[in-house]
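# Analysis of the macromolecular model
Residue strings, one per chain:
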Amino acid sequence: MRYYGIKRRIQKEKILYFYVRRLMWLQWYLSIETNREKKKARFYQTFSVHTDFLKKESNAISENRCLKLNSIITADLVAREDIDKLKRGLKKLLKHYRGSKFLGGPIGGLEEFCSKIENMDSAGVSWFNNVNCGVFDFSGLDLESDIEYFTVKIRNINASFLAVESEIHLSESAQQSLQRLIVSDYRDDEGYVHSSLMAPKGRRGAIDIYGTHFFNDENLKADKLFENIGCLLWKFHNKFAHYLPLVLHGHGICPSRIECYFTDIDYHEKCDRFWNSVGIQDYQGQFINRRHKIFFRDALSGRYELDGTYGRLLCITNNKLPSPYKYVSTEMEAYEIMQEYSVTFFRLMLLSLLSKDAGGIIIEAKKKLDKIKLERNNYNKLLKLRYKFSKDIDLYQRYFSDHNWNRAKKKASDLFEESDSVIKQFAENNKKPFFCFGYDHFYSGCIAGAKKIEDRLNDLEEEKSHN
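The paragraphs below set out a description of the structure included in this document. (Residues numbered from 1 in each chain as written. Predicted model: local features only at pLDDT ≥ 70, side-chain atom pairs only at ≥ 80, totals over all residues. Heavy atoms only, no water.)

## A closer look at the pairing of strand β9 (residues 292-295)
- Burial along β9 is two-sided: the residues His292 and Ile294 and Lys293 and Phe295 are all buried.
- Bridge analysis of strand β8 (residues 285-287) against β9 gives 3 bridges, and the strand direction is antiparallel. Looking across to β9, one finds that Phe287 is bridged to Lys293.
- Between the antiparallel neighbours β8 and β9 lie 4 residues.
- The pairing of β9 with strand β10 (residues 312-318) spans 4 bridges and is antiparallel. Counted as the bridge partner of Ile294 is Cys315 from β10. (Buried < 20%, exposed > 50% of the residue type's maximum accessible area, 1.4 Å probe, protein only. Helix = DSSP H or I, 4+ residues; strand = E, 2+ residues; numbered from the N terminus. Pairing = 2+ DSSP bridges.)

## Topic: the state of the cysteines
- Per the counting criterion, the structure on display carries 0 disulfides.
- The thiol sulfur of Cys66 is not disulfide-bonded, and the nearest other cysteine sulfur, from Cys271, lies at 13 Å.
- Take Cys66: its relative accessible area is 33%, and that puts it in the partly exposed class. (Disulfide = S-S within 2.5 Å.)

## Structural notes on helix α5 (residues 172-183)
- For α5, built from 12 residues, the straight-helix expectation of 16 Å at 1.5 Å per residue is met to within 8% by its first-to-last C-alpha distance of 16 Å.
- Every buried residue of α5 is listed here: Ala174, Gln175, Leu178, Gln179, Leu181 and Ile182. Summarising the axial view, the buried residues of α5 lie within an arc of 160 degrees, below the 170-degree limit, and thus occupy one face. Those residues of α5 that are exposed and aimed more than 90 degrees away from the buried face are Glu172 and Arg180.
- Contacts from the buried residues of α5 go to β1 (67-79), β4 (161-170), α6 (217-240), β7 (256-263) and α8 (272-277). (Expected span 1.5 Å × (residues − 1). Arc of directions from axis to C-beta. Contact = heavy atoms within 4.5 Å.)

## Re the packing of helix α1 (residues 6-29) against α6
- In the contact formed by α1 and α6, the axes pass within 9 Å of each other and the chain directions differ by 135 degrees. Regarding the angle of α1 to α6, the classification is oblique. Facing Ile6, Lys7 and Ile10 of α1, the residues of α6 in contact are Glu227, Gly230 and Cys231.
- Partitioning the contact of α1 with α6 into residue classes produces 3 nonpolar, 1 polar and 2 charged. (Axes fitted to C-alpha atoms, helices over the stretch in contact; angles between N-to-C directions. Parallel < 35°, antiparallel > 145°, perpendicular 65-115°, else oblique. Nonpolar A, V, L, I, M, F, W, Y, C, P; charged D, E, K, R; others polar.)

## Things to note about the packing of aromatic side chains
- For the structure on display, the rule yields 28 aromatic pairs.
- Both rings, one in Tyr97 and one in Tyr243, keep their centres 5.8 Å apart while their planes meet at 75 degrees; by these two values the pair is edge-to-face. One end of the pair, Tyr97, is in helix α3 (residues 83-97); the other, Tyr243, is in the loop between α6 and α7 (247-250), with 146 residues separating them in the sequence. Per residue, the accessibility class of Tyr97 equals that of Tyr243, and both read buried.
- The interplanar angle of 20 degrees and the centroid separation of 6.3 Å between the aromatic rings of Phe400 and Trp405 together place this pair among those described as stacked.
- On the basis of relative accessible area, Phe400 is assigned to the buried category, the value being 17%.
- Among the aromatic residues, those joined into a cluster by ring pairs are Tyr97, Phe136, Phe138, Phe150, Phe236, Phe240 and Tyr243.
- A cation sits over an aromatic face here: Arg21 above Phe47, 5.3 Å from the ring centre.
- The cationic tip of Lys411 hangs over the ring face of Tyr341; the distance from NZ or CZ to the ring centre is 5.0 Å. (Phe/Tyr/Trp six-rings, centres within 6.5 Å; stacked < 30°, edge-to-face > 60°. Lys NZ or Arg CZ within 6 Å of the ring centre and 35° of its normal.)

Structure below.
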């Protein structure tokens, strides 16, 4: 799906808004004299903003303060049976798009480099956990205006999959475009049309009527930031997929990502409106230490309430605070944290994305199964459904079954050890627990979603066996 359905959603919302507004205006303008005032009142009631009390405060960044997107780390899966395609694609990338702006990169020749990728299975006697492929840029292509350079690393995920992890650094023009949105006092007074059922006066049944939602400006600004980055990642992965057999992008799913921001805003400063406007609420994250905090949930508007946003983490680093380590800056400390722990977060985010996709596959299969059960001599259709379902759900089942999830939790707990001790001390001193949506809740949510899918699969298999 182009742009992961983001632009399609925006276009659909605009067309529906224009259609309903024009329709209600015509109903008012063409109505008979006795109903004209009622239709007029209904029109203004639907399309006038009634939430001014929510819109008075600014959602712009505080004066002389900064929040800047430093990089986007993204990860997609590659099936191990596609390793030959992966090697061929990496060879082409190295030959055509190897970055000339920086020194360094893979050591040895292409054959040695490909041999390391082949030996990324932990079942072997000697194996590699990750292979650094170097720095690349899309010089001479349209993407050059959006992406300055990116790094590529192959990660060992489990027995069935490898992960292609890329750290993307935006071009100056793309950075400035996002920065203008981040610092702005965003306003959106149009509203978003929705339909609902209402009982008609004096008659039985129900009719479909249109109304308008007006969301908080800061939440709509967070939506805009989320959508802009999502569209940029689609362009990147769409080009990337010409060379590498990317699983999630190939299924129209936006790969998991970690957005890394640098700021000089103190966490004690009162600027909740601004933080909300970039998708951040204080309790939805956990500190690593005083300088770094990871947010495991984002705060968007009700437009994404049904869909949810999976596979997105935000890492905020206060680079105004000095690092306690000698010869290591706060920025370098953030980089080292992501180098070591990003794959741990990606394992869980990828599970959430695949669980969501599997849920849709199960619902669609259940609908078809119910329809087949109503027909006679339905064995051929049932066999075809079984084959298609097992093929579609195979991606999720292979990923979930081939991993030790407790190990991922243990790895994350090492990163948040300092934070956990502070939270525990707070609870003991104040005789009440301190709540934040930390890594423990993040892990539990990912595993609970997968186990729910497992229960649905068992129920569906049992239902199929009775037909």
